[in-house]
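One-letter residues, chain by chain:
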Amino acid sequence: MRRTAAGPKQSLSLLCERLEIPVDSSGSHEIGALHERLRSDASARWLAMSLRSGGRLPTDVEIREYARELALSDPSEMGKHFIHSPSKKVSVAYKESVLVTPGSTDYSSFGVGGALVRRIAENSVPSGRILGARWSRDGRRLMAGNTAIIPWRSTLLSVGIETRLSRALRLGAAARLGAQTSIAVGYGTTPLLAGGESSIAAAAWATHLASLQRFDRLWATDAIVAADLEGWRTMLSSLGVAGPAIGVLAPPAQGSSSQEWRDYVTGLIES
Amino acid sequence: MSAASPFSERAVTALSRRLDVVRVALNVTVSGADRQDSEHGAQLAARTLLALSSRVVTSLDSAELWAIYVAVSTTYPDRLTMERLESAAAVGSPGRLADLTLELGLAAGERFGNLSADVRLVSGVIVDVTFSAISDHNTGIQRVVRSASRWWALDPAVTLVAADGGPSMHRTLTADEAHRVSRWNEPIDGVSSRAEPTDLVIPWHAVVLIPEVPAIERIASLSELARHSGNNVAIVAHDAIPITGREYVPAAETERFARYLELVTGATVVTAVSESAATEFKGIRESSLAHGSASFDVGFRRLPMELPVLARGRVKTRVPVVLVVGSREPRKNQDAVLYAAERLWREGLEFELILVGAWGWSTGAFRSWLRRVRAAGRPVSAPHSLDDDDLWRAYDVAWFTVFPSLQEGFGLPIVESLAHGVPVITSDYGSMAEIAAGGGCLTIDPREDEQLVIAMRSLLIEPELRSRLAREIAARPRDSWEQYATDVMDIVKLYLPVGAEG
């Protein structure tokens, strides 16, 4: 169920509700319990930081720094953490399916591979019970209309590529800590390893792949891409990361109907 | 860059001599080839080039074509140049091929080569140590290259070479460069200059071993050398961090590394510095193979744990000293050490923290925590550069070291610490876990600050734990750079082209 909050008080209340932090006899939240939960639970910190900042999704580095702040601060100061929460309306999408469409579909620097990304990104649109979210212009929030969306314990589906490091790191942290399940379309590593592509494209592609390291599943566009991604997953062991499970789900052919694209998106989530 | 016009008498005579070197290697007969007088030079060069071109339009051998072009231009060709030359050879006209070779070769030679220089063909193993030869930088890769080159330089089958940028071909080292590469830390026994003459080297039935990541402008020509020169290329691979740990490096480093992979995928063999790094390169091979690229062999020879010659004995201090070695950048995770130290100082533990390392990139978090602990009056020092002598002295006084890096290809500070008998706290995955498995280390998840706090506290307050780790260090098998260099060279020599000397 989706719940909305705006400002410090509502954000703190919604946080406690979602974390199931009890309310004491005076009607106040048990600050000590909340403090302890946030210190020990990175997912809870991710949600708290998202809420207190008006929907700005944190990076792993920011989440870690917040843990340090909590460890070195007094629990009684907990409420202050939310004092500066903006009045911007945020919505916690709880146990929903959230389709993240990219902020930009200009993938021309990726050659033929870029054309495929663009086709999938442009045709994979939200429908039915799937909520669509786009990156805000500053690349820090996921927006559905004018509301910042926080995908909490939801299924997070990413169909584009994230070439900006800030967005890639926020998406990666949301997949690891916010989402119940995280799924993405996998396009392989060609711009990194092909040599013929521009080296700038290679850096952008490496950024995109960094966002996917902690996803649960990648659906490769074909068997060759799946084999390619298995190689990438092998490389991740040096990071102490297992990497996502990789399967194959071919996108609809050029000129397919909207219904076929809807079925594809549903398949990405439910297969 | 060439000082001579390609049409000066000196350059023409030199061209004639260079072509003759290739002619002899290919066993091609040219009348009057034994005369190298200047009057005869232009005609002889033309006749020799034509004879060589005649041979190539028949053989269509890319390696021969590559060598002829290199002799003409004193540079290495890139893919486009080789494609044009191969197309011309396929047409079957020696004159046309000779004209094109001269046109392309002399243009490149004027810009990047040395058209008045002689060349020699070199077989065996050619080790490209360019950056370590020309730079005084001495961290990570340069330490490895210099430590191994010390021994490689003694092997008669090995030639150490450098290149001057762009598509410049290899050349032998000046005395100064040779000292910098293979006798680092030894007093200089003479004066030499970069300007002193060196020999240009054409690798011939050789293995070109590349233990550094070359400058980006050299990669296209080295990739072509790997694919079409008839030589094999061997790589000492250090890590694939620029593509797997994108957030830990500047974009430019990833761009450079992606170009480097052109060279790697054209190589014959990759010898990684750890099993973890080998796994990364196996992944690269797996991905490349999915797209039909050529394969390469991947293995590893872990870097050794050898006590440096300058090291002295351990020095006992009253107050515990905790040492952190490594450049200041997000990947090294030193802000976590400063945070953990602050937690322990607040608990009342007494110790001094020394962080040694050069300033890297994106140092905001490190600077912020350093300011914070300094403002609190904590005993912390952070020298940004120490020579080897001072660095070893810092190890000598350390009670333990902390190296909680988020990603490494190896982790030299871990073995340096162990070589000094100093226990290490390091990360529980990748190459760091690999080294730690041999004993003397506590491992932690470097992304979990609390684990670091616990490990540091334990080593500060539990003398029996420090003793146990010290015993484990003493029991670790010792290894040497000499053995490492020998082992790598033994592997590389397995890949000498068939019929090669050396």
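So, here's what we can say about the structure.

Analysis parameters
Residues numbered from 1 in each chain as written. Chains lettered and ligands numbered in written order. Predicted model: local features only at pLDDT ≥ 70, side-chain atom pairs only at ≥ 80, totals over all residues. Heavy atoms only, no water. Contact = heavy atoms within 4.5 Å. Buried area = accessible area lost by both parts, 1.4 Å probe. Salt bridge = Lys/Arg side-chain N within 4 Å of Asp/Glu carboxyl O. Polar contact = N/O pair within 3.5 Å; in protein donor to acceptor, adjacent residues only side chain to side chain. Helix = DSSP H or I, 4+ residues; strand = E, 2+ residues; numbered from the N terminus. Buried < 20%, exposed > 50% of the residue type's maximum accessible area, 1.4 Å probe, protein only. Phe/Tyr/Trp six-rings, centres within 6.5 Å; stacked < 30°, edge-to-face > 60°. Pairing = 2+ DSSP bridges. Axes fitted to C-alpha atoms, helices over the stretch in contact; angles between N-to-C directions.

A short note on the interface of chain A and chain B
Step number 1: With 35 residues of chain A at the interface, the matching set in chain B holds 41 residues.
Step number 2: Regarding the contact of chain A and chain B, the summed buried area is about 3200 Å², with carbon and sulfur atoms giving 59% of it.
Step number 3: Among the residues of chain A in contact with chain B, A:R64, A:R68 and A:L72 are the three that bury the most area, contributing 21% of the side total.
Step number 4: At the surface where chain A touches chain B, the tally comes to 3 salt bridges.
Step number 5: Residue A:R68 is joined to B:D335 by a salt bridge in which the shortest nitrogen-to-oxygen separation is 2.9 Å.
Step number 6: Taken together, the connections running from chain A to chain B amount to 17 residue pairs in polar contact (both at pLDDT 80 or more).

Focus on unusual backbone geometry
Residue and element names in this part refer to chain A.
Step number 1: The phi angle at E20 is positive, at roughly 55°, despite the residue not being glycine.
Step number 2: In this fold, E20 is placed in the loop between α1 (8–19) and α2 (31–40).
Step number 3: In this structure E20 comes out as exposed when scored by relative accessible area, which is 68%.
Step number 4: Although it is not a glycine, K95 adopts a positive phi angle of roughly 55°.

Section: the packing of aromatic side chains
Residue and element names in this part refer to chain A.
Step number 1: Within this structure, the stated rule accounts for 9 aromatic pairs over all chains.
Step number 2: Both rings, one in W46 and one in W152, keep their centres 6.2 Å apart while their planes meet at 15°; by these two values the pair is stacked. Here W46, found in helix α3 (residues 42–52), pairs with W152, found in strand β6 (residues 147–152); they are 106 residues apart in sequence, far enough to count as distant. There is no split in this pair, since W46 and W152 are both buried.

Some thoughts on the sheet that holds strand β13 (residues 441–444) of chain B
All names here are of chain B.
Step number 1: Strand order in the open sheet formed by 6 strands is β10-β9-β8-β11-β12-β13, with parallel pairing between adjacent strands. The sheet terminates laterally at β10 (380–381) and β13, the two strands that pair on one side only.
Step number 2: Strand direction decides the pairing type here: strand β8 (residues 321–325) and strand β11 (residues 400–403), joined by 2 bridges, are parallel. In the strand pairing of β11, V322 is matched with F400.
Step number 3: Sheet strands in contact with helix α15 (residues 388–397) are β8, β9 (352–356) and β11, and its direction is about 140° off that of β8.
Step number 4: Strands β8, β11, β12 (424–427) and β13 of the sheet are contacted by helix α16 (residues 412–419), whose axis makes an angle of about 160° with β12.

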